[in-house]
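Residues per chain, in single letters:
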Amino acid sequence: MKASTTRRLKLAAAHCFLIGFIALILFPFLMVVAISFRKGNFALGALIPTGDDFSLEHWKYVLGIPYEEIMGDGTVRTVQATTPVLVWFWNSLKVASTASALIILLSGTAAYAFARMQFFAKTTLLKSLLILQVFPMVLALVALYALLQLIGTYVPALGLNTHPGLMLTYLGGIAIYIWMIKGYFDTIPVSIEESAKIDGATHFQAFVRILLPMSAPIFAVVFILSFISLISEYPVASVVLQTEDRWTLAVGAQSFLYEQNFLWGKFAATAVLSGLPITAMFLFCQKFLISGLTSGGVKE
Amino acid sequence: MSSVSLRSLEKLYPASGKNPPFHAVKGIDLEIHDGEFMVLVGPSGCGKSTTLRMIAGLEHISAGEIRIGDTVVNDLLPKDRGIAMVFQNYALYPHLTLFENMAFGLRLARTPKAEISRRVTEAARILGLEGILDRKPAALSGGQRQRVAVGRSIVRNPRVFLFDEPLSNLDAKMRVSMRSEISKLHARLKTTMIYVTHDQIEAMTMGDRICVMKDGRIMQVAAPLSLYHRPDNLYVAGFIGSPPMNLLRGRVERRDGTLLFIESAEADAVFIPLAGPLATLAASVEGRDVVFGIRPENISETPHPADSVRLTLPVELSEPMGSETNAYLKTGSGTLIARLHNEKRYAMGEPLAVHLNLGKAHLFDAATEQAIRP
Ligand SMILES: Nc1ncnc2c1ncn2[C@@H]1O[C@H](COP(=O)(O)OP(=O)(O)OP(=O)(O)O)[C@@H](O)[C@H]1O
Ligand SMILES: [Mg+2]
């Protein structure tokens, strides 16, 4: 066999593998999209719903648009959604983006302290942060519930069944982000900030005007990661948020799956809907994911 | 413009993790005059950068006092000390253009736009950076980056410039030209400059005075030539000059009425009869262990007019360099390097008669390592 043939075969094999791999990821997603466009609430069926099978009823329902449904006895009735899916969507967006912004603020400043300052028990603190985070937040559900209830008696706006309360619990889970950002700060030579200080900057100005702009990529990554995880967070949200109008999409979508009746169609439409802001956020953050932002400042 | 004075300056790095505490600067007293170009030189780890960083305010002062002008600056932030610093690794702001790199300090000081533009353009002109002011540091050569770093410090009109080995990352040619640029800059601005280096050529050619440091202490502060001709101690004698001063360990003894320096060696010890002022000096340390020092250029093939001693020693190695030849002569315990004004290559082992100019020789106390002075 000639070398070029071998290489072509290898290339083809690699492509097959990659296509298979992508299919593995895409297929479930496409099925969800298909379900959301299929009449009735069936999990199974053609991948591309056509003709009689195709229907926008779930999407209309989810988007709060009235639509007509043919009943079992042949009569037609107009259905208006009874669940505020768009409100959930807005709640999710609000909670996830605000909490992510706050997470960046907190973990960024904490990471700065860990990366640049000397203080008592620094390494111990840093390590214990990570160890504590190993336990999933779900394990602390009872505690979070009790805490929010307690806080709520003093500051009602931060109590149970409030979005700020939910965000507060989310701010507890930032150890991983602190580590990520600290790792990035550690790669930026201190002398750059030192020269800013000599140039007349205060500690804070050196942080905001020099270190932060150079760290845009890591903040974009942390924002995306936290946004994705918060949009799809279910356990804590389902316990903290008790009334339907406060729910997030993740909690609301779950409500379509009754014990006896799985409303797969509506569930799927809601799921696809919750994917939209993630995609939008990703596209937005992508422009910050530039490499080489820190190169050229110092002699390596 | 300002003088800088360091009084009993100490730096103790506290223990961190597994590292024990480290006493990096052990009591430094140094007066740097207004407008002076002071070079701090010494081996790696001797505390040069630490001292400079304490002056800059980047490092906490463990004890002692630093004054810039009439102000004690111990507790001032770097920004309030009126200093500018050029780092060894340039430390430019990679996300800003050259213009913004240089303008950063002025912007923080809320300097009017027109003034910023005027000063940056002026600095760029002096440093030959015109036309590339809208580039980012990544798109520059090492030499250009270092110039930006210098430019960034001159636009602010500081009272004192601090340089921490600014040229050590440049290639040899670039280093020579930047060296003269910085010297020119000093001649032009007449601002106090403190310059850290471990390159003794930089130290000798740039400094008004040189401060030689070792292990956190000052060994000697003097003008370059007096450092060269009158080293205070063995360390400075061996540190300044290339090839370094020849140092022979031995004793001063009187035999048959003449004072001799006798090398301490198992065999073939060198005997140097002492005469002139050196003999007078030696008389005060008769019978003691001393170190005899003489620079390579003070050993020649022809006799010197006064107080010259003839020695015949076997050649170990010779290095003809065109204008001169370094001959390595074997003594009882080591070598004597002679810088001879010829182009000969000597055969190995060939006996060579040389003359030592005793008028330029030094004696050091072997125990205290200090120069023996009248
Ligand atoms: N943050 C620190 N903690 C502990 N020890 C330190 C610290 N910084 C420097 N040292 C030690 O202090 C000593 C002096 O360091 P310094 O950087 O001043 O040396 P230097 O003379 O500038 O050397 P070089 O020529 O290599 O730059 C060194 O032994 C170094 O290991
Ligand atoms: Mg140094």
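**Looking at the packing of helix H3 (residues 85-116) of chain A against helix H13 (residues 264-286) of chain A**
All names here are of chain A.
For step 1, the next point in the chain: It is at 11 Å that the axes of H3 and H13 come closest, and there the two elements cross at 35°. For the pair H3 and H13, the sense of crossing is right-handed. Contact residues: Val-85, Phe-89 and Leu-93 in H3; Thr-270, Leu-273 and Pro-277 in H13.
For step 2, the next point in the chain: Residues of the contact of H3 with H13, tallied by class, amount to 5 nonpolar, 1 polar and no charged.

**A look at the domain arrangement of chain A**
All names here are of chain A.
For step 1, the next point in the chain: The assigned domain composition of chain A is domain 1 (2-79) and domain 2 (85-294).
For step 2, the next point in the chain: For domain 1 versus domain 2, the separation of C-alpha centres amounts to 31 Å.
For step 3, the next point in the chain: A combined buried area of about 1200 Å² lies between domain 1 and domain 2, and 78% of that area is made up of carbon and sulfur atoms.
For step 4, the next point in the chain: For the interface between domain 1 and domain 2, the tally reads 0 salt bridges.
For step 5, the next point in the chain: Where domain 1 meets domain 2, there are 0 residue pairs in polar contact (both at pLDDT 80 or more).
For step 6, the next point in the chain: Those elements giving two or more residues to the side of domain 1 that touches domain 2 turn out to be helix H1 (3-36) and helix H2 (57-62).

**Considerations on the sheet that holds strand S5 (residues 71-72) of chain B**
All names here are of chain B.
For step 1, the next point in the chain: The sheet built from 4 strands is open, its strands ordered S2-S1-S4-S5 with antiparallel pairing. One side of each edge strand has no neighbouring strand; the edge strands of this open sheet are strand S2 (22-32) and S5.
For step 2, the next point in the chain: Where strand S4 (residues 63-68) and S5 come together, 2 bridges link them in antiparallel fashion. Paired with Ile-68 across the two strands is Thr-71, which belongs to S5.
For step 3, the next point in the chain: Packed onto the sheet, helix H1 (residues 48-56) meets strand S1 (4-13), S2 and S4 and runs at close to 115° relative to S1.

**Considering the confidence of the model for chain A**
For step 1, the next point in the chain: Averaged over every residue, the pLDDT of chain A is 87; residues scoring 70 or more account for 97%.
For step 2, the next point in the chain: The secondary structure element of chain A with the lowest average pLDDT is strand S1 (residues 67-70) of chain A, at 75, and the one with the highest is helix H6 (residues 163-170) of chain A, at 94.

**Quick look at the sheet that holds strand S3 (residues 37-41) of chain B**
All names here are of chain B.
For step 1, the next point in the chain: Read from one edge to the other, the open sheet built from 6 strands follows the order S6-S7-S8-S3-S9-S10, with strand pairing classed as mixed. Two strands bound the open sheet, and with one partner strand each, they are strand S6 (83-86) and strand S10 (217-222). Across the sheet, the axes of successive neighbouring strands diverge by a mean angle of 15°, strand direction being ignored.
For step 2, the next point in the chain: Here strand S7 (residues 160-164) runs beside strand S8 (residues 192-197); their pairing, made up of 5 bridges, is parallel. Looking at S8, one finds that Leu-162 is bridged to Ile-194.
For step 3, the next point in the chain: The sheet contacts of helix H5 (residues 172-189) involve S3, S7 and S8, and relative to S8 the element is tilted by about 160°.

So, how was this worked out
Residues numbered from 1 in each chain as written. Chains lettered and ligands numbered in written order. Predicted model: local features only at pLDDT ≥ 70, side-chain atom pairs only at ≥ 80, totals over all residues. Heavy atoms only, no water. Axes fitted to C-alpha atoms, helices over the stretch in contact; angles between N-to-C directions. Helix = DSSP H or I, 4+ residues; strand = E, 2+ residues; numbered from the N terminus. Left-handed = near helix turned anticlockwise from the far one by under 90°. Contact = heavy atoms within 4.5 Å. Nonpolar A, V, L, I, M, F, W, Y, C, P; charged D, E, K, R; others polar. Domains from an automatic or database assignment. Buried area = accessible area lost by both parts, 1.4 Å probe. Salt bridge = Lys/Arg side-chain N within 4 Å of Asp/Glu carboxyl O. Polar contact = N/O pair within 3.5 Å; in protein donor to acceptor, adjacent residues only side chain to side chain. Pairing = 2+ DSSP bridges. pLDDT = per-residue confidence, 0-100.

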